Amino acid sequence: MHAAVAVILVALAIQTSGKTEPVEALELEMVRLVNVERQARGLPVLEFISPLAAAARKHSEIMLASGNFSHEAGGSTMEARTRKVLTNVCWFGENITKHFTIQYAVGDLMGSPGHRGNLLDTDFTGIGIGIAKGEDGFLYITQDFIGFCKKKPMRDKPR
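None of the values given here were measured: they were computed from a predicted structure. (Residues numbered from 1 in each chain as written. Predicted model: local features only at pLDDT ≥ 70, side-chain atom pairs only at ≥ 80, totals over all residues. Heavy atoms only, no water.)

Looking at the state of the cysteines
Each disulfide is one covalent bond, formed between the sulfur atoms of two cysteines.
Alright, step 1. This model, assessed by the stated rule, comprises one disulfide.
Alright, step 2. Covalently, Cys90 is tied to Cys149 through a disulfide, its sulfur atoms 1.8 Å apart. With the S-S dihedral at roughly 100 degrees, the linkage between Cys90 and Cys149 falls on the right-handed side. One end of the pair, Cys90, is in strand β2 (residues 89-99); the other, Cys149, is in the segment after β4 (139-148), and 59 residues separate them in sequence. (Disulfide = S-S within 2.5 Å. Helix = DSSP H or I, 4+ residues; strand = E, 2+ residues; numbered from the N terminus.)

Structural notes on the packing of aromatic side chains
Alright, step 1. A full pass over the atoms with the stated rule returns three aromatic pairs.
Alright, step 2. A ring pair is formed by Phe100 and Phe138, whose centres lie 4.1 Å apart and whose planes are at 20 degrees; its orientation type is stacked. Note that Phe100 is positioned in the loop between β2 and α5 (102-110) and Phe138 in the loop between β3 (126-133) and β4, a separation of 38 residues in sequence.
Alright, step 3. Between Phe124 and Phe145, the ring centres sit 5.6 Å apart and the planes meet at 25 degrees, which makes this aromatic pair stacked. With Phe124 in the loop between α6 (113-120) and β3 and Phe145 in strand β4, the pair connects residues that are 21 residues apart, well separated along the chain.
Alright, step 4. What makes Phe124 buried here is its relative accessible area of 5%.
Alright, step 5. A cation over a ring is seen here: Lys98 above Phe138, with NZ or CZ 4.6 Å from the ring centre. (Phe/Tyr/Trp six-rings, centres within 6.5 Å; stacked < 30°, edge-to-face > 60°. Buried < 20%, exposed > 50% of the residue type's maximum accessible area, 1.4 Å probe, protein only. Lys NZ or Arg CZ within 6 Å of the ring centre and 35° of its normal.)

Describing the sheet that holds strand β1 (residues 47-48)
Alright, step 1. Across the sheet, which stays open at both edges, the four strands sit in the order β1-β3-β4-β2 with mixed pairing between neighbours. Each end of this open sheet is capped by a strand with a single partner; those strands are β1 and β2.
Alright, step 2. Here eight bridges tie β3 to β4, and the two strands are oriented antiparallel to one another. Its bridge partner being in β4, Ile129 is matched across the sheet by Gln143.
Alright, step 3. Packing against the sheet, helix α4 (residues 78-85) makes contact with β2 and β4, and its axis sits at approximately 115 degrees to β2. (Pairing = 2+ DSSP bridges. Contact = heavy atoms within 4.5 Å. Axes fitted to C-alpha atoms, helices over the stretch in contact; angles between N-to-C directions.)

With respect to helix α3 (residues 50-66)
Alright, step 1. A rise of 1.5 Å per residue sets the reference length of α3, with its 17 residues, at 24 Å; its end C-alpha atoms lie 24 Å apart and thus fit the reference within 8%.
Alright, step 2. The complete set of buried residues in α3 reads Leu52, Ala53, Ala55, Ala56, Arg57, His59, Ser60 and Met63.
Alright, step 3. Buried residues belonging to α3 abut α2 (23-40), β1, α4, β2, β3 and β4.
Alright, step 4. Following α3 by one or two positions, Gly67 adopts a phi angle in the positive range, close to 75 degrees. (Expected span 1.5 Å × (residues − 1).)

Overview of the confidence of the model for the chain
Alright, step 1. When pLDDT is averaged across the chain, the result is 87; 82% of the residues are at 70 or more.
Alright, step 2. Long-range and interchain partners of residues 1-19, a stretch whose pLDDT sits below 50, account for eight contacts in this model, where long-range means more than four residues apart. (pLDDT = per-residue confidence, 0-100.)

Details of the side chain of Asn95
Alright, step 1. Structurally, Asn95 can be placed in strand β2.
Alright, step 2. Engagement of the side chain of Asn95 in a polar contact is seen with the side chain of Asn118, the distance being 2.9 Å. (Polar contact = N/O pair within 3.5 Å; in protein donor to acceptor, adjacent residues only side chain to side chain.)

Side note on the nonpolar core
Nonpolar side chains tend toward joint burial in soluble globular proteins.
Alright, step 1. Ranked by size, the top nonpolar core spans 22 residues in total, and within it Met30, Ile102, Leu119, Ile127, Ile129, Ile131 and Ile141 carry the most contacts.
Alright, step 2. Going through the elements one at a time, α2, α5, α6, β3 and β4 are the ones with two or more residues in this core.
Alright, step 3. The greatest single-element share of this core, amounting to six residues, is contributed by α2.
Alright, step 4. Ignoring anything within four residues of it in the chain, the contact list for Ile141 reads Met30, Ser60, Met63, Asn95, Ile96, Thr97, Ile102, Ala105, Ile129, Gly130 and Ile131.
Alright, step 5. Formed by six residues, the second largest nonpolar core is a distinct cluster that contains Ile49, Leu52, Leu86 and Val89. (Core = buried A, V, L, I, M, F, W, Y, C linked by side-chain atoms within 4.5 Å.)

What follows is the structure, encoded as structure tokens:
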């Protein structure tokens, strides 16, 4: 709950300041919008995972700098990037998009069956969103979804 309050306070501070939103605030707002979509369908919210967001942001920055709009921009897969920052991850998913606003981006992703599948997949429990903002105003957005491996049930030791 504390993260949700922080997101609301950041959003309110940005709205009243009249300044350009930093990408971190946009990333958190997009996490909120994704979770609104999930909650509207009775699905559990995704946990924001900071190291995953940092890896996603780096990927967005590479896409922006290289002009290579791809899941493998910079030469690594989402799974490889994730394994550098997290352990015990068994499920991976990624959406990439380029739009002027995060609201439009979420709507567009929800309209695409494959992207929507990632957004609403119940195997995913965590999310990291990374945004890089181009000089032209476009937002290069990487949404990374993960599901941690389930623990095996404990067995009684033989006696």
